[in-house]
Amino acid sequence: VQLQAFGGGLAQAGGSLRLSCAASGNIFSINVMGWYRQVPGKQRELVAAITSGGSTDYADSVKGRFTISRANAKNTVVLQMNSLKPEDTAVYYCAAIGVQTMTSKYDYWGQGTQVTVSS
């Protein structure tokens, strides 16, 4: 199983960016897909997550600005980030929690993608 993240980059404050992530492999199901972020010297924190049933969870700091969506059939998750703030600057990581394959159930992480918001 592999997670491939796309998107990120540089945006101005108030702008938008879109992150997408695709899980590939012999996957039967994925319980939760989400995005975390980390800045140097701080712990990785949850940004947003979505279950296979469509329930979502957001960090308080991004509520009303970020939207997470998911396409179960394609094992993809998208994070639309609007009204970006400089404090959103971080490395963003895609996560797939409870990935069920024929032989196992594990959690997987994608490679980080840098998001930089200039003031």
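Scroll up for the structure.
Residues numbered from 1 in each chain as written. Predicted model: local features only at pLDDT ≥ 70, side-chain atom pairs only at ≥ 80, totals over all residues. Heavy atoms only, no water.

A. Fine view of the overall build of the protein chain. The helix and strand tally for the protein chain stands at 0 helices and 11 strands. Element order for the protein chain, N to C, with α for helix and β for strand: β-β-β-β-β-β-β-β-β-β-β. Expected size for 119 residues packed as a compact globule is a radius of gyration near 14 Å; at 14 Å, the protein chain falls within 12% of this value. For the protein chain, the spread of C-alpha atoms along the three principal axes comes to 45 × 25 × 20 Å. Taking all contacts inside the protein chain whose residues are at least 6 apart in sequence as the whole, residues at least 24 apart take part in 54%. In the structure as shown, the protein chain presents an accessible area of about 6300 Å², 49% of it carried by carbon and sulfur atoms. (Helix = DSSP H or I, 4+ residues; strand = E, 2+ residues; numbered from the N terminus. Rg over C-alpha atoms; globule rule 2.2 N^0.38 Å. Contact = heavy atoms within 4.5 Å. Areas by Shrake-Rupley, 256 points an atom, 1.4 Å probe, with all protein chains shown as cover.)

B. Looking closely at the side chain of R65. For R65, the location among the structural elements is in the loop between β6 (56–58) and β7 (66–71). A distance of 2.9 Å separates a polar atom in the side chain of R65 from the backbone oxygen of S83. With sequence-adjacent residues up to four places away left out, R65 is seen in contact with Q80, M81, N82, S83, L84, K85 and D88. (Polar contact = N/O pair within 3.5 Å; in protein donor to acceptor, adjacent residues only side chain to side chain.)

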